[in-house]
Each structure stands twice: as C-alpha cells, then as structure tokens.
Amino acid sequence: MASGVDALETMPVSHDARAVRWALRLWFGALMIFLYLPIAFMVVFSFDEGATPGLPITGFTLHWYDVLLDNRSLLRAVGNSITVATAVAILATVIGTMAAFVLVRGGIRWPNATRIAFTLPIMVPGVLIGVSLLIYFARAADLPLSLGTVIAGQLVFTVPFVVLIVASRLQSFDRQVEWAAADLGASPRQAIRHIVLPLISPAILAGALISVTLSIDEFVITWFTIGAQPTLPTYIYTRIKFGVTPEVNAVATIMLVATLLIFTIASVVLGRARRRPDRRPAEADA
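Nothing here was measured: the structure is a model prediction, and the numbers come from that model. (Residues numbered from 1 in each chain as written. Predicted model: local features only at pLDDT ≥ 70, side-chain atom pairs only at ≥ 80, totals over all residues. Heavy atoms only, no water.)

When helices and strands are tallied, the protein shows eleven helices and zero strands. Mapped in sequence order, the helices and strands of the protein form the string α-α-α-α-α-α-α-α-α-α-α. Per-residue burial over the protein gives 30% buried out of 286 residues. Within the protein, contacts between residues separated by at least 24 positions form 69% of all contacts whose residues are at least 6 apart in sequence. (Helix = DSSP H or I, 4+ residues; strand = E, 2+ residues; numbered from the N terminus. Buried < 20%, exposed > 50% of the residue type's maximum accessible area, 1.4 Å probe, protein only. Contact = heavy atoms within 4.5 Å.)

What follows is the structure, encoded as structure tokens:
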C-alpha cells in the first residue's frame, strides 16, 4: 500500500466511516480534557498570586510554596500520608503476593470462592469497612486510634488489588520455563528467586504503585480509624470549611510531580528488566 493513502479508502467500509472516526477522535479529546482540566487548573492556581484560587489569574508567584514550607500542620499531614502509604505499599505487596501464590498454586479446594472472599472488600462500601474497623479497634481489640490503625484499615482494601494483579500474572505465567530450570538443576527456591519473581515483577510493582495511590487518596476508612495525627485528605477535609487555600494546591502539585516521577522511574526499570533476557542469548553466542 502506498504511503499517505488512507486505509479507509482501500477497505469496503461505510461512506460514513471517516465522519465516525473524526467524531470518535473529538469525543476522545473531550474526554481527555474532562479528565485532566481540573488537574491543570490545580497546578495553575498553585502559582496564582490571589489568596482565593479562581479566574482570572492575577499573576504568577512562588509565594504559596514558601507558605507551604512554613505550614507545619500541613507538612505533618503530608508526612503522615507518606509514612502510611509507604507502610501500606510494602505490607500489601508482600501479603498480596503471598496470597496470590496460595490462590494460584496452593491447590485449595474452592479457589473461585476463596478468590471472591479475598476480593470482597473491594465491593464493600468504605463506610461499612470504616465503621466495622472502628468498632473492632475501639471495642473488641481495645486499641487506641493511631497511624497503626490507619495502616491496618487501609490494608483491608489494598491487599485485594495486589492479589488480583499478581494472581492474574501467575495464571498466565508459562510454567514450562520454571520446569526447564528444574531440569537444569535449579532448586525450588532458586527457581522462584531467579525465574518466577523476575517474570512477575511487573505485576508486583504495579500492585505496589496502586497501593500507594489508593493509600494517599483514601479518606473514608482513614477518617474512621485515624487518631490525633491527620493525613493529607483528613487535613484538607477539616480545613475545607475555611476554603481550599493556595498552599493546598501547592502541596498537591508537588505530590503530583512526585507521583509522575515514581511512575517514570518504574517504567524505565521495568523496560530495562524486560530487555535483559533478550541480551543474554546474544552475549552467550558471542
């Protein structure tokens, strides 16, 4: 086919195909604007000189980032959110990966029912989970509410996401590679360490990243299980009656940039990990 020729001109399709394609492109563009326009306004308002974010923009300044550094309450809330998100990501990834191995390779009697039981917290409203955890911590376990109870509460709904992601990767995993390693003398521990875990590492990393996102974003369960130490969502909620101040937009912008940086680094690391197996045969032939 000659370059520059529209594929629709050489295919037996409807005469309205080109119009439909352009309509879908416009719809997709409108959808992307709908999704990302509020985030763009948040970033722009963080540089606005006005004390009350809004249009028109009165001028650009870095003043609110300086105010952010002096707002100890906000910085403490951000630090608590980062602490909770880090702990939740590590624990949810480890627990969810181990549970995924049990579901896929454990030989349990009712695997489908067990999988539904593992993923049920995803479908249960957060209010019900929060109330039940509050009653359990305060009445049954007699534990004071703190960041520890927040971490335990967030694990209830983050672990199922890791289980789903890692279990789906394990189910599509070609076990012949693992069997070949065993034929070459690898022990089960060596096969898991050098074959299985590297091949499912993208799923494990995806589970960890989604756990971080869910943890930082979570409000309902956190609100019921938090103590005197606020996280960023609870801090913003308690301050919302005074209006969203520009330093909140500033800290949200910083967290957005940090999140994009983490995803970029993860993509680079995963890309290099995928290319390594392709290089080894060439190095061996050389």
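Picking up where we left off.
To continue, consider the nonpolar core. Within soluble globular proteins, side chains that are nonpolar tend to cluster in buried spots. By size, the foremost hydrophobic cluster in this structure holds 22 residues, and its most contacted members are V84, L155, V166, L170, V196 and I200. For this core, the elements supplying multiple residues, two or more each, are α3 (72-105), α6 (147-171) and α8 (188-217). Residue contributions to this core peak at ten residues, all from α6. In this view, V196 contacts F101, R105, L170, F173, E178 and A191; residues no more than four positions away in its chain are not counted. Counting residues in hydrophobic clusters, the runner-up holds ten residues, among them Y65, L68, V78 and V251. (Core = buried A, V, L, I, M, F, W, Y, C linked by side-chain atoms within 4.5 Å.)

The next subject is the side chain of T93. Relative to the helices and strands, T93 resides in helix α3. Separated by 2.5 Å, the side chain of T93 and the backbone oxygen of A89 make a polar contact. (Polar contact = N/O pair within 3.5 Å; in protein donor to acceptor, adjacent residues only side chain to side chain.)

Now for α8. Where α8 bends most, the angle comes to about 55 degrees, and this point is S201, followed within four residues by the proline P202. Taken residue by residue, α8 has A191, V196, I200, A203, I204, G207, A208, L209, S211 and S215 as its buried positions. (Bend = angle between axes of the 7 residues up to and from the residue.)

All right, on to the packing of α6 against α8 then. Here α6 crosses α8 at 155 degrees, and the two axes come no closer than 9 Å. Between α6 and α8, the crossing angle belongs to the class labelled roughly antiparallel. Viewed along their axes, α6 and α8 form a crossing whose handedness is right-handed. When α6 is examined against α8, the residues Q154, F157, T158, F161, V162, I165, V166, R169 and L170 are found in contact with a partner set consisting of V196, L199, I200, A203, I204, A206, G207, I210, S211, L214 and S215. Counted by class, the contact of α6 with α8 contains 14 nonpolar, five polar and one charged residues. (Axes fitted to C-alpha atoms, helices over the stretch in contact; angles between N-to-C directions. Parallel < 35°, antiparallel > 145°, perpendicular 65-115°, else oblique. Left-handed = near helix turned anticlockwise from the far one by under 90°. Nonpolar A, V, L, I, M, F, W, Y, C, P; charged D, E, K, R; others polar.)

Evaluated as defined, the whole model comprises six aromatic pairs. Each member of the aromatic cluster is reached from another via a ring pair, and the members are F219, W223 and Y237. Here the basic side chain of R25 rests over the ring of W22, its NZ or CZ set 4.7 Å away from the ring centre. (Phe/Tyr/Trp six-rings, centres within 6.5 Å; stacked < 30°, edge-to-face > 60°. Lys NZ or Arg CZ within 6 Å of the ring centre and 35° of its normal.)

This brings us to unusual backbone geometry. Even without glycine at this site, D142 takes up a positive phi of about 55 degrees. Among the residues examined, D142 registers a relative accessible area of 63% and is labelled exposed.

If you trace the backbone, S81 turns up in helix α3. S81 gets classed as buried once you look at its relative accessible area, which sits at 4%. Residues S81 and T231, spaced 150 residues apart in sequence, show a C-alpha to C-alpha distance of 5.0 Å. Contact partners of S81, with chain neighbours within four places excluded, come to T231, L232 and P233.

Interhelical geometry of helix α4 (residues 111-123) versus α6 gives an angle of 135 degrees and a closest axis separation of 7 Å. One way to sum up the angle between α4 and α6 is to call them oblique. The handedness of the crossing between α4 and α6 is left-handed. Counting all contacts with α4, which are made through R115, F118, T119, P121 and I122, the residues of α6 involved are V156, F157, P160, F161, V163, L164, A167 and Q171. Taken together, the residues that form the contact of α4 with α6 break down as ten nonpolar, two polar and one charged.

What follows is about a nonpolar patch on the surface. Residues W27, F28, L31, M32, F34, L35, Y36 and I39 make up a contiguous nonpolar surface patch of roughly 870 Å² in combined accessible area. Along the chain, F28 falls in helix α1 (residues 17-45). (Patch = residues over 30% accessible without salt bridge, like charges linked within 9 Å, V, L, I, M, F, W, Y side chains within 5 Å. Areas by Shrake-Rupley, 256 points an atom, 1.4 Å probe, with all protein chains shown as cover. Salt bridge = Lys/Arg side-chain N within 4 Å of Asp/Glu carboxyl O.)

Our next topic: the confidence of the model for the protein. Predicted coordinates in regions of low pLDDT should not be interpreted in detail. On average, the protein scores 79 in pLDDT, and the residues at 70 or more come to 86%. For the protein, per-element mean pLDDT is lowest for helix α11 (residues 246-285), which scores 66, and highest for helix α9 (residues 220-225), which scores 89. Throughout residues 277-286 the model reports pLDDT below 50, and contacts reaching past four residues in sequence, or to other chains, amount to zero contacts. (pLDDT = per-residue confidence, 0-100.)

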